Amino acid sequence: MGLAAQAFDADDILDMEGASLSAELIEMRRGIDRLEAQFSRRLVRFDVTRGYEREGAADLISWLRWACRMGTGAAARRLHLARQLTELPDTEAAWRSGAISTGHATVIGRTVDEMGEDGAHAAEPALLEAAGQMNPGHTSVTLYAMTVTATATIRAAIYTRISSDPDATHLGVNRQEQDCRELADRRGWEGCRRLRGRRHQRV
């Protein structure tokens, strides 16, 4: 890989411009993303096998800092992403193939933390589709919208009223309230306050 990168040194960039330079930049960026995906894939294996211990490091973050010359924050984020994507194999595969960028993979990986494993699996197809059409920033907005929708809390009020209760037993309204509370529980509605109507009496 080092020799492959070194080969670019022979190019005279002063002769490059316009569409040809644009195409080369795009190709390079996608190649870098694909290498990042392969790095991530191998990092998970290195983590699982605790390969860093055989090289004298206390933990993987420390090893990434001195062996790969990464800052602590960058090392932690890269390891976290690698672990997240073990739960999202389709995203990991798309990243490796070059269909999505490192930025896209990072955004989609967040679903594991923000929506849980089941929510992440459910959201993955839609986010991959969005990643194919949007930059990572816009994909992040899509994720935010999906997270808000998935976690939105619906609050409800219970209004009970009965037309006739000559003995003032409130049995009818109590039964209405119980039925409404059971419905709210089934639907996940929260904060149900009870409002009772007054029956109209003839005077």
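As a reminder, the structure under discussion sits directly above these lines.
1. So, the environment of Leu 127
Its location among the elements puts Leu 127 in helix H8 (residues 111-131). For Leu 127, a relative accessible area of 0% puts it in the buried group.

2. Quick notes on the packing of aromatic side chains
The relation between two aromatic rings is expressed through the spacing of the ring centres and the mutual angle of the planes. Going through the model one piece at a time under the given rule, you end up with one aromatic pair. Ring centres of Phe 46 and Trp 63 lie 4.5 Å apart, and the angle between their planes is 45 degrees; this geometry places the pair in the tilted category. Linking Phe 46 in helix H2 (residues 18-48) with Trp 63 in helix H4 (residues 60-67), this pair joins segments that are 17 residues apart in sequence. An identical accessibility class is assigned to Phe 46 and Trp 63; each is buried.

3. Comments concerning the side chain of Glu 124
Here Glu 124 lies in helix H8. Buried charge without a salt bridge: Glu 124, with Arg 96 as the nearest opposite-charge side chain at an N-O distance of 11 Å. In terms of polar contacts, Glu 124 uses its side chain to reach the side chain of Thr 91, at 2.7 Å. Here Glu 124 is in contact with Leu 88, Pro 89, Asp 90 and Thr 91, once residues within four sequence places are set aside.

4. Brief notes about helix H6 (residues 89-97)
Turning to H6, its buried residues number three or more, namely Thr 91, Glu 92, Ala 94 and Trp 95. An end-on view of H6 places all buried positions within 160 degrees of arc, on one side of the element. Backbone geometry just after H6 places Gly 98 at a positive phi near 90 degrees.

The rules behind these values
- Residues numbered from 1 in each chain as written.
- Predicted model: local features only at pLDDT ≥ 70, side-chain atom pairs only at ≥ 80, totals over all residues.
- Heavy atoms only, no water.
- Helix = DSSP H or I, 4+ residues; strand = E, 2+ residues; numbered from the N terminus.
- Buried < 20%, exposed > 50% of the residue type's maximum accessible area, 1.4 Å probe, protein only.
- Phe/Tyr/Trp six-rings, centres within 6.5 Å; stacked < 30°, edge-to-face > 60°.
- Lys, Arg positive; Asp, Glu negative; His and termini not counted.
- Salt bridge = Lys/Arg side-chain N within 4 Å of Asp/Glu carboxyl O.
- Polar contact = N/O pair within 3.5 Å; in protein donor to acceptor, adjacent residues only side chain to side chain.
- Contact = heavy atoms within 4.5 Å.
- Arc of directions from axis to C-beta.

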